[in-house]
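Examining the three-dimensional arrangement
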Amino acid sequence: MSILFVVAAFITVATSVATWMSLLGVVFASISSGIGEITFLSLTALFHKNTISTWSSGTGGAGVIGALSYAGLTGAGLSPRHTILAMLLVPALMAVSYYIILVHPNSIKSRKCQTEDQSPLLKQPTDITPDEDSCNDSEEVTGTTAATSYISRLSTRQRLMLILPLLKYMIPLFSVYVAEYYINQALFELIYFEDIWLTLAEQYRWYQVDYQLGVFISRSSVNLFHTKAIWVFPVMQVINAVFFSVEAYFLFVPSIWIVFAVIFFEGLMGGAAYVNAFFSISEDVADEVKEFSLGVASVADTSGVCLAAFISIPVHNFLCKLPLPY
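Residues numbered from 1 in each chain as written. Predicted model: local features only at pLDDT ≥ 70, side-chain atom pairs only at ≥ 80, totals over all residues. Heavy atoms only, no water.

1. Here's the deal with the overall build of the protein
Each helix and strand in the protein was counted, giving 13 helices and zero strands. Helices and strands in the protein line up, N terminus first, as α-α-α-α-α-α-α-α-α-α-α-α-α. Across the 326 residues in the protein, those meeting the buried criterion constitute 43%. When the accessible surface of the protein is totalled, it reaches about 17000 Å², and 67% of it is carbon and sulfur. (Helix = DSSP H or I, 4+ residues; strand = E, 2+ residues; numbered from the N terminus. Buried < 20%, exposed > 50% of the residue type's maximum accessible area, 1.4 Å probe, protein only. Areas by Shrake-Rupley, 256 points an atom, 1.4 Å probe, with all protein chains shown as cover.)

Below you can see the structure in the form of structure tokens.
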């Protein structure tokens, strides 16, 4: 489903002849991203915990490659339409990697036997107990089936109780993405420098490359640096949002290199919040609820992006109506 929507997104945007078609293509891309993230994040529960770090690194790398490919191909003279059509290679690679390369897990027995015991987020009610298969039992238990069976037996109240301990990760993640995508959607386009080696359009494209590079590096860093003090990242991202808001209003920064440096830092903060939040969830929750918890927590960043979009539209329009500060 995710692959079909990304194909529809590329084709719709590339062949667009009206604004509504372009917006429809963006909707298709968002649906693809949302389905893909919640599916793959939940799937990581059936693998080693380091799968979270490799998944996060891959998403960061995808951002760099996507932004760099578009900036590079259009800068080399290829039209935006043909550049987007060339990107249809991406969903083809997605299909090959998922259906052919990926070894799908048949059992979580070995993972349960090899990992240390973890305390569940929610104390299991006395009338609901997960399957007690021992490591020596020859019967194989399908991971997805076992987890789904356990979750399906929980009441709505019990599921909500499972979500409460996740809020310490979800709220900072939500806050980071509100600030981050407010910057990206409302302000990036308004921060520009005249009479330099980059055109206004090229500056915006390379801002995206710079931002994605920061995201990639920080999302790849959790095995070297891991913190559960995730609240630090939204604080820093709000400071970034204030800086870029003032810059978009006054255009006071003397050099594009300073802007590049702060954008890179913005990417670092966003990527670090993402990977540290999900890595912590993967470490802290019980196996029976890990798949459910990762899927629920992914709503935090997508809802943050959505709220940022609603904030960005009026702010962007307001700033566009202001006279230039020089």
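2. So, the environment of Val7
Its place among the elements puts Val7 in helix H1 (residues 2–14). Placed 82 residues apart in sequence, Val7 and Leu89 show a C-alpha to C-alpha distance of 9.5 Å. Not counting the four nearest positions on each side in its chain, Val7 is found in contact with Leu88 and Pro91. (Contact = heavy atoms within 4.5 Å.)

3. Some remarks on the nonpolar core
In this structure, Leu166, Leu173, Phe233, Tyr274, Phe278 and Ile281 are the most contacted members of the largest nonpolar core, which totals 32 residues. Broken down by secondary-structure element, the contributors of at least two residues to this core are helix H3 (51–75), helix H9 (167–187), helix H12 (256–284) and helix H13 (287–321). A per-element tally of this core places H12 first, with nine residues. Contacts of Leu173, omitting those with residues within four sequence positions, involve Ala273, Tyr274, Ala277, Phe278, Ala297, Ala300 and Asp301. (Core = buried A, V, L, I, M, F, W, Y, C linked by side-chain atoms within 4.5 Å.)

4. Observations concerning the confidence of the model for the protein
Scored by pLDDT, the protein comes out at a mean of 84, with 85% of its residues at no less than 70. Mean pLDDT per element in the protein: helix H6 (residues 109–114) is the minimum at 45, and helix H11 (residues 232–250) is the maximum at 96. This stretch, residues 107–143, has a pLDDT under 50; its non-local contacts, to residues over four places away or in other chains, come to 58 contacts. (pLDDT = per-residue confidence, 0-100.)

5. Quick word on the packing of H1 against helix H2 (residues 19–43)
Each pair of packed helices can be summarised by the angle the axes make with each other and by the distance between the axes. Running from N to C, H1 and H2 point in directions that differ by 160 degrees, and their axes come no closer than 8 Å. If you check the angle between H1 and H2, you find them roughly antiparallel. Viewed along their axes, H1 and H2 form a crossing whose handedness is left-handed. Contact with H1, carried on its side by Ser2, Phe5, Val6, Ala8, Ala9, Thr12 and Val13, involves Met21, Ser22, Leu24, Gly25, Val26, Phe28, Ala29, Ile31, Ser32, Ile35 and Gly36 of H2 and no other residues of that element. (Axes fitted to C-alpha atoms, helices over the stretch in contact; angles between N-to-C directions. Parallel < 35°, antiparallel > 145°, perpendicular 65-115°, else oblique. Left-handed = near helix turned anticlockwise from the far one by under 90°.)

6. Let's talk about the packing of aromatic side chains
Tallied over the full model, the rule gives 14 aromatic pairs. Here Phe5 and Phe28 contribute two aromatic rings whose centre-to-centre distance is 5.9 Å and whose plane-to-plane angle is 45 degrees, an arrangement assigned as tilted. On the criterion of sequence distance, the pair formed by Phe5 in helix H1 and Phe28 in helix H2 is long-range, its members being 23 residues apart. The exposure class of Phe5 is partly exposed, given its relative accessible area of 21%. On the basis of an interplanar angle of 20 degrees and a centroid distance of 5.7 Å, the ring pair of Phe40 and Trp55 is categorised as stacked. Residue Phe40 is found in helix H2, and its partner Trp55 is found in helix H3; the two are separated by 15 residues along the sequence. By relative accessible area, which is 28% here, Phe40 ends up partly exposed. Members of the aromatic cluster, joined through ring pairs, are Phe188, Trp197, Tyr207, Phe243, Phe244, Phe252, Trp257 and Phe260. Directly above the ring of Tyr274 sits Arg219, whose terminal nitrogen or CZ lies 3.8 Å from the centroid. (Phe/Tyr/Trp six-rings, centres within 6.5 Å; stacked < 30°, edge-to-face > 60°. Lys NZ or Arg CZ within 6 Å of the ring centre and 35° of its normal.)

7. Observations regarding the pattern of salt bridges
Tallied over the entire structure, the rule returns two salt bridges. Here Asp284 makes a salt bridge to Lys228, at a shortest N to O gap of 2.8 Å. Here the residue Asp284 occupies a position in helix H12, and Lys228 occupies one in the loop between helix H10 (200–219) and H11, the gap between them amounting to 56 residues. A salt bridge links Asp287 to Lys290; the shortest N-O distance between them is 3.5 Å. Here Lys290 and Asp287 lie together in helix H13, a separation of three residues that amounts to about one turn. This pair shows no difference in class: Asp287 is buried, exactly as Lys290 is. (Salt bridge = Lys/Arg side-chain N within 4 Å of Asp/Glu carboxyl O.)

8. Considering the environment of Thr54
For Thr54, the location among the structural elements is in helix H3. A C-alpha to C-alpha distance of 7.1 Å links Thr54 and Ser220, two positions 166 residues apart in sequence.

9. Focus on the environment of Val289
Note that Val289 resides in helix H13. Its relative accessible area of 3% is what places Val289 among the buried residues.

10. Section: unusual backbone geometry
Phi at Asp195 takes a positive value of approximately 60 degrees, unusual for a residue other than glycine. A positive phi angle, near 50 degrees, is found at Leu251, a position not held by glycine. Following the sequence through the fold, Leu251 ends up in the loop between H11 and H12. We classify Leu251 as buried; its relative accessible area is 16%.

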